[in-house]
Amino acid sequence: MLKVDNLKINYGGIEAVKGISFEVPDQSIVTLIGANGAGKSSTLRAIAGLVKASGGSISFDGEDITSLPTAKRVAKGITLCPEGRHVFPDMTVLENIKIGAYLRNDSLEEDIQRVYKLFPRLEERHWQLAGTLSGGEQQMLAVARGLMSNPKILMLDEPSLGLAPIIVQEIFNIIKRINQEQGITVLLIEQNANMALKVADRAYVMETGSITMTGTGAELLANDEIQAAYLGRKK
Amino acid sequence: MSLTTFLQQCLTGISLGGAYALIAIGYTMVYGILRLINFAHGDIFMMAGYFMIFAMASMPWFIAVPFVLLVTTVLGVGIERVAYKPLRSAPRMSVMISAIGVSYLLQNLATYLFTALPMAYPEIPGLKKIFKIGGLSASFVTFFTPVLTIVLVYLLITLIHHTKMGMAMRAVSKDYETAALMGIDINRTISFTFAIGSLLAAIGSILYFTDRMTVFPFSGSLPGLKCFVAAVFGGIGSIPGAVVGGFVLGMGETALVAAGYSTFSDAFTFVVLIIILLVRPTGLFGEKTTNKV
């Protein structure tokens, strides 16, 4: 479904991503893990069209989208929940949910009910300004807002960032449910490698702009090197 | 001062304030979305005055008015495309300098094309007609300006809070990237904001110049500065703030003239600016942040 081929990203002469290739198959959960500065976020931002690729190509459903503007990519079904949630603080929860469906002209009622079912907390607080929600609630709102565009692929940039372990667990359960119940493909990047590998069908490890290892989530969880480098276990 | 004279002056002040409010909205909206003080805004207002002179010379007023509104809107959007859009990722200072450049360009272009001599502003039938209510007598435009201002502000606020375009404008003014991730076309939203700002400036220009009767190449600069101050007074970025600021400045200025200090009427604006910057730099309704980390 999504295919990244030899993607390169430069920031003013510094190569943040050095020609990586990977594929996200239909209806799967794929994760990129790695340390700070490995180029994970840059990769997602390039797929969403927020940064320009300086080389390589990105294709979606067989169509080259490397030079499409962000809004056109959203229309094709590629949605990114940005790092740090970025809900609109001065809009209500309900407005934030509705703005996720900005490009749609059909009735939203059914979909709003569906995200309320996933996140009952949002229904209770639908009138509240999003800026007054807790971090976990804002993350739920960011995911709900992402789902409202009816994405084919939902990209999540560090959904566990700064959240309590119990909330992280809840968010990951929902990611799994979205994937299984609604058939939405998920591309996830995480520093919380343990969590990410447990839900992922396929995982890629990124280090300083390159992919150094790949395998199924379970394979990497069991891998000694990964355990030492990312999961905090001794060799 | 008799009650009638007092009310008469109030009416004049409210009317002037209405025209100021319409122009101040343009400053505040553009600031809200681009974080840019559009110094060319006062000159767009001046150009609208010239457009009206030439339009009325060759068409009946009911065609000339929409024509002028349209041409001014196109001018405003065009300026954004040519002078601000290429600087979208440049530092804010560069865009501001570009705005100052556009302002001088328009003033000098007007001087070159139309000479620096004041030109007579045409009369739109009906607007100058004298009306009497009780002891008050004023031209129709004086009564009409505040009413029209309130109606337009109401429509604008409805647009911003209850339409998709308004939602896009609010989103873009908060966060470009996240707005883009929602599928919002940033450039189209910014163009739309300039279109509304310029349209309101054109309407303000018709109301203002009908009262003043002449246009010259610099007649946009002082009203432009005053309306900028009105926007700062109300809290730049806030539309109700700009409206309140416009009315306060218009009425204060008129009050000074009425009290016999007309020499200081222009200074009043800038005294207000200094005081507000000292006492409450964010303005009356300055941006609140409801961020919780």
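Look up a bit, the structure's there.
Residues numbered from 1 in each chain as written. Chains lettered and ligands numbered in written order. Predicted model: local features only at pLDDT ≥ 70, side-chain atom pairs only at ≥ 80, totals over all residues. Heavy atoms only, no water.

1. Let's talk about the overall build of chain B
In terms of regular secondary structure, chain B is built from 11 helices and four strands. The C-alpha atoms of chain B give a radius of gyration of 19 Å, which matches the 19 Å a tight globule of 293 residues would have. By its C-alpha atoms, chain B is 60 × 45 × 35 Å across when sized along the principal axes. A burial count over chain B gives 53% of its 293 residues as buried. Put simply, chain B shows about 13200 Å² of open surface, and 72% of that area lies on carbon and sulfur atoms. Taking the average place of the 17 positive charges on the side chains of chain B and the average place of its 10 negative ones, the gap between the two points comes to 6 Å. (Helix = DSSP H or I, 4+ residues; strand = E, 2+ residues; numbered from the N terminus. Rg over C-alpha atoms; globule rule 2.2 N^0.38 Å. Buried < 20%, exposed > 50% of the residue type's maximum accessible area, 1.4 Å probe, protein only. Areas by Shrake-Rupley, 256 points an atom, 1.4 Å probe, with all protein chains shown as cover. Lys, Arg positive; Asp, Glu negative; His and termini not counted. Charge placed at Lys NZ, Arg CZ, Asp CG, Glu CD.)

2. A look at the environment of Ser-219 of chain B
All names here are of chain B. Relative to the helices and strands, Ser-219 is located in the loop between strand 4 (214-215) and helix 9 (221-234). Placed 129 residues apart in sequence, Ser-219 and Ala-90 show a C-alpha to C-alpha distance of 31 Å. Non-local contacts of Ser-219, meaning those with residues more than four positions away in its chain, are made with Phe-45, Met-46 and Phe-209. A distance of 2.6 Å separates the side chain of Ser-219 from the backbone oxygen of Phe-216, its partner in a polar contact. (Contact = heavy atoms within 4.5 Å. Polar contact = N/O pair within 3.5 Å; in protein donor to acceptor, adjacent residues only side chain to side chain.)

3. With respect to the pairing of strand 3 (residues 136-139) of chain B
All names here are of chain B. Strand direction decides the pairing type here: strand 2 (residues 130-133) and strand 3, joined by four bridges, are antiparallel. Each bridged residue has a counterpart across the sheet, and for Ile-130 the counterpart in strand 3 is Ser-139. Taking the residues that link successive antiparallel strands as the turn, the strand 2-strand 3 hairpin has two residues, and the phi of Gly-134 there is positive, at about 60°. (Pairing = 2+ DSSP bridges.)

4. Quick look at the side chain of Ser-191 of chain B
Residue and element names in this part refer to chain B. Of note, Ser-191 is situated in helix 8 (residues 186-212). The buried category is assigned to Ser-191, whose relative accessible area is 8%. Excluding its chain neighbours within four sequence positions, the residues that come into contact with Ser-191 are Val-77, Glu-80 and Arg-81.

5. Describing a nonpolar patch on the surface
Residues Val-271, Ile-274, Ile-275, Leu-278 and Val-279 of chain B make up a contiguous nonpolar surface patch of about 520 Å² in total accessible area. Relative to the helices and strands, Ile-275 of chain B is located in helix 11 (residues 265-279). (Patch = residues over 30% accessible without salt bridge, like charges linked within 9 Å, V, L, I, M, F, W, Y side chains within 5 Å. Salt bridge = Lys/Arg side-chain N within 4 Å of Asp/Glu carboxyl O.)

6. Overview of the pattern of salt bridges
A side chain with one charge can pair with a side chain of the opposite charge if their charged atoms come near. All told, the structure shown has 14 salt bridges over all chains when counted by the stated rule. In this structure, the salt-bridge partner of Arg-177 of chain A is Glu-181 of chain A, at a minimum N-O distance of 3.2 Å. In this pair, Arg-177 of chain A and Glu-181 of chain A both sit in helix 7 (residues 165-182), four residues apart, roughly one turn of the helix. Owing to a relative accessible area of 34%, Arg-177 of chain A belongs among the partly exposed residues under this scheme. Classification of Glu-181 of chain A by relative accessible area gives exposed; the value is 54%. For Arg-88 of chain B, the salt bridge identified is with Glu-80 of chain B, shortest N-O distance 2.8 Å. In this structure Arg-88 of chain B comes out as partly exposed when scored by relative accessible area, which is 24%.

7. So, the environment of Tyr-176 of chain B
All names here are of chain B. Along the polypeptide, Tyr-176 turns up in helix 7 (residues 176-181). Of the residues examined, Tyr-176 reaches a relative accessible area of 27% and is grouped as partly exposed. Along the sequence, Tyr-176 and Thr-282 sit 106 residues apart, while their C-alpha atoms lie 23 Å from each other. Beyond its immediate sequence surroundings of up to four residues, Tyr-176 is in contact with Ile-33, Leu-34, Arg-88, Ile-186 and Ile-190. In this structure the side chain of Tyr-176 is engaged in a polar contact, spanning 3.4 Å, whose partner is the backbone oxygen of Ile-33.

8. Here we look at the interface of chain A and chain B
Listed as interface residues are 28 residues of chain A and, on the opposing side, 20 residues of chain B. With both sides pooled, the region where chain A packs onto chain B buries about 2200 Å², and carbon together with sulfur makes up 60% of that total. Contact with chain B buries area across many residues of chain A, yet Phe-88, Asp-90 and Tyr-102 of chain A alone supply 29% of it, more than any other trio. The partner of Asp-90 of chain A in a salt bridge is Lys-174 of chain B, and the shortest N-O contact between them spans 3.0 Å. (Buried area = accessible area lost by both parts, 1.4 Å probe.)

9. Overview of the sheet that holds strand 10 (residues 210-215) of chain A
Working definition: the strands of a sheet are paired by backbone hydrogen bonds and lie parallel or antiparallel to each other. Residues and elements named next belong to chain A. A sheet is described by the order of its strands in space; here six strands give the open sequence 6-7-8-3-9-10, paired in mixed fashion. Because the sheet does not close on itself, it has two edges, and the strands there are strand 6 (78-81) and strand 10. Between one strand and the next, the sheet's axes are offset by a mean angle of 20°, whatever the strand orientation. Pairing between strand 9 (residues 202-207) and strand 10: five bridges, direction antiparallel. Residue pairing for strand 10: Ala-203 is matched across the bridge by Gly-215. (Axes fitted to C-alpha atoms, helices over the stretch in contact; angles between N-to-C directions.)

10. What to know about the sheet that holds strand 1 (residues 2-11) of chain A
All names here are of chain A. The four strands are arranged 2-1-4-5 in an open sheet whose pairing can be described as antiparallel. Sheet topology places strand 2 (14-24) and strand 5 (63-64) at the edges, where each strand pairs with a single neighbour. In the sheet, strand 1 pairs with strand 2 via eight bridges, with the strands oriented antiparallel. The residue of strand 2 that forms the bridge with Asn-10 is Glu-15. Each of strand 1, strand 2 and strand 4 (55-60) is contacted by helix 1 (residues 40-48), which is oriented at about 110° to strand 1, the strand it contacts most.

11. Notes on unusual backbone geometry
Among all residues except glycine, the phi angle is most often negative; among peptide bonds, the trans geometry is most common. Residues and elements named next belong to chain A. Its identity as a non-glycine residue notwithstanding, Arg-85 has a phi of 70°, on the positive side. Here Arg-85 lies in the loop between strand 6 and helix 3 (93-99). For Arg-85, a relative accessible area of 13% corresponds to the buried category. Positioned with a positive phi, His-86 is a non-glycine residue whose angle comes to about 50°. Looking at where His-86 falls in the secondary structure, it is placed in the loop between strand 6 and helix 3.

12. Here we look at the packing of aromatic side chains
The geometry of an aromatic ring pair is captured by two quantities: the separation of the ring centres and the angle between the planes. Applying the stated rule across the entire model yields 15 aromatic pairs over all chains. With a centroid separation of 6.1 Å and 85° between ring planes, the pair formed by Trp-61 of chain B and Phe-62 of chain B is classed as edge-to-face. For Trp-61 of chain B, a relative accessible area of 39% puts it in the partly exposed group. Ring geometry for Tyr-84 of chain B and Phe-194 of chain B: centres 5.8 Å apart, planes at 40°, overall tilted. Placement of Tyr-84 of chain B in helix 3 (residues 61-84) and of Phe-194 of chain B in helix 8 is noted, with a sequence separation of 110 residues between them. Judged by its relative accessible area of 2%, Phe-194 of chain B is buried. Taken together, the ring pairs in this structure connect Tyr-20, Phe-45, Tyr-121, Tyr-208 and Phe-209 of chain B into an aromatic cluster. Over the aromatic face of Tyr-102 of chain A sits the side chain of Lys-164 of chain B, whose NZ or CZ is 5.6 Å from the ring centroid. (Phe/Tyr/Trp six-rings, centres within 6.5 Å; stacked < 30°, edge-to-face > 60°. Lys NZ or Arg CZ within 6 Å of the ring centre and 35° of its normal.)

From the geometry alone we can't say anything about function, so treat these as descriptive.
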